[in-house]
Amino acid sequence: KDFRETTSGPSREDGSSKMGPMLEKQWKSLAGGPAVDLRLELEREVANRATELCIGTDSQQVKQYTEYVTVVVTTRPGKGGRVFYFRERVPRIKSLRERLSREVWMSTSLAMELVAPTDIGQNVVNDMELSIHIDANPDPKYRSSDYVQELVGMVVGQGFQAVIKPMAWAAGHAADHCVKHKND
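The structure presented is a predicted model; accordingly, all values stated were derived computationally and were not measured.

The number of helices and strands found in the protein is 5 helices and 6 strands. Listed N to C, the secondary structure of the protein is α-β-α-β-β-β-α-β-α-β-α in terms of helices and strands. Relative to its full complement of 184 residues, the protein shows a buried share of 47%. Taking as baseline every contact in the protein between residues at least 6 positions apart, the subset at least 24 positions apart corresponds to 68%. Summed over its atoms, the accessible surface of the protein is roughly 9,600 Å², and 48% of this surface lies on carbon and sulfur atoms.

Quick look at the pairing of strand β3 (residues 65-76) now. Among the 12 residues in β3, 10 count as buried, and that is most of the element. Where strand β2 (residues 52-62) meets β3, 11 bridges bridge the pair, whose relative direction is antiparallel. Residue pairing in the sheet places Asp58 in a bridge with Val69 of β3. Counted along the chain from β2 to the antiparallel partner β3, the turn is 2 residues long, and its residue Lys63 has a positive phi close to 50 degrees. Inspection of the sheet shows β3 paired to strand β4 (residues 80-91) by 12 bridges, in the antiparallel sense. Of the residues in β4, the one forming a bridge with Val71 is Tyr85.

This next bit is on the nonpolar core. Counting 34 residues, the largest nonpolar core has Leu38, Leu53, Val72, Leu110 and Leu114 as the members making the most contacts within it. When contributions to this core are tallied by element, the ones reaching two or more residues are α2 (38-47), β2, β3, β4, α3 (96-115), β5 (129-134) and α4 (148-156). Sort the elements by how many residues they give to this core and α3 lands first, with 9 residues. Those residues in contact with Val72 that lie beyond four places of it in its chain are Trp27, Leu38, Leu42, Leu53, Cys54, Ile55, Arg82, Val83, Phe84 and Leu110. Counting 8 residues, the second largest nonpolar core, distinct from the first, contains Val69, Val73, Val83 and Ala170.

The next point concerns the environment of Leu151. Note that Leu151 resides in helix α4. When the C-alpha atoms of Leu151 and Ala162 are compared, they prove to be 8.8 Å apart, with 11 residues separating the residues in sequence. Once residues lying within four places of it in the same chain are set aside, the contact partners of Leu151 are Leu100, Ser101, Val104, Ile134 and Ala136.

The next point concerns the packing of aromatic side chains. Aromatic ring pairs are defined here through the distance separating the ring centres and the angle between the ring planes. Counted by the stated rule, this structure contains 1 aromatic pair. Here Trp27 and Phe86 contribute two aromatic rings whose centre-to-centre distance is 4.9 Å and whose plane-to-plane angle is 70 degrees, an arrangement assigned as edge-to-face. With Trp27 in the loop between α1 (3-6) and β1 (28-29) and Phe86 in strand β4, this residue pair connects regions lying 59 residues apart in the sequence. For Phe86, a relative accessible area of 3% corresponds to the buried category. Positioned above the aromatic ring of Tyr65 is the side chain of Arg89, whose terminal nitrogen or guanidinium carbon lies 4.8 Å from the ring centre.

Okay, unusual backbone geometry next. At the junction of Lys165 and Pro166, the peptide bond is cis and its omega measures out at 10 degrees in the coordinates. Relative to the assigned elements, Pro166 resides in the loop between β6 (161-164) and α5 (169-180). With phi around 50 degrees, Lys63 is a residue other than glycine that occupies positive phi space. Residue classification places Lys63 among the exposed positions, given a relative accessible area of 71%.

Conventions and cut-offs
- Residues numbered from 1 in each chain as written.
- Predicted model: local features only at pLDDT ≥ 70, side-chain atom pairs only at ≥ 80, totals over all residues.
- Heavy atoms only, no water.
- Helix = DSSP H or I, 4+ residues; strand = E, 2+ residues; numbered from the N terminus.
- Buried < 20%, exposed > 50% of the residue type's maximum accessible area, 1.4 Å probe, protein only.
- Contact = heavy atoms within 4.5 Å.
- Areas by Shrake-Rupley, 256 points an atom, 1.4 Å probe, with all protein chains shown as cover.
- Pairing = 2+ DSSP bridges.
- Core = buried A, V, L, I, M, F, W, Y, C linked by side-chain atoms within 4.5 Å.
- Phe/Tyr/Trp six-rings, centres within 6.5 Å; stacked < 30°, edge-to-face > 60°.
- Lys NZ or Arg CZ within 6 Å of the ring centre and 35° of its normal.

In C-alpha cells, the structure reads:
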C-alpha cells in the first residue's frame, strides 16, 4: 500500500478520517490565481532563494461546517515571501481537541509529502528550513493550552520542528487571515 493510504491522521467521531494527499488539493496563491502544482511552485521558490518554509492550519466553525485553511509560506531574507493555501470544509467538529489535532495533522501530512523523495531522488524542500506552526497557546487562560504538548508531540514525532503561539505566525496570522477572509 501507498504510505498516504495508511496514514490518514486522527479519526473523526463519525468514523471518517481520510483526507487524501495534501499536494493534490486545489492550492491557490494569496497573490491571486491558482497555484496549479504546489510542488512546482515551491521548486520555483527554492530557485528564487527562499530559505524558510512554514506550514500552518487554522479552522473556523461556520454553521454546520468546520472550515480548515492550510497555508504554506516561503520567505526570502530581505525580499518578503509567498503564501499558498487551500480551503477544506467538513461536517462540524465540536471537540476542540479533535479540531486542533486535525489542524496539526493536515500540516504534518503535507510536510511529510514535501520531504518525501521525488522520482529523481531529491525532495522539494531539501535546502529550506521547514517548520510547522501550531495554532495553540501554552498560556493556561486559553483552552488550547490543554493540548499543546500533545500537538507538539504529533509534529516532533514525525521529525519536524514545531512552533507554538505566540511565534506560530503561519497558523496564527496567515491561515487565520485566509480562513476568515473568503477570497475565493
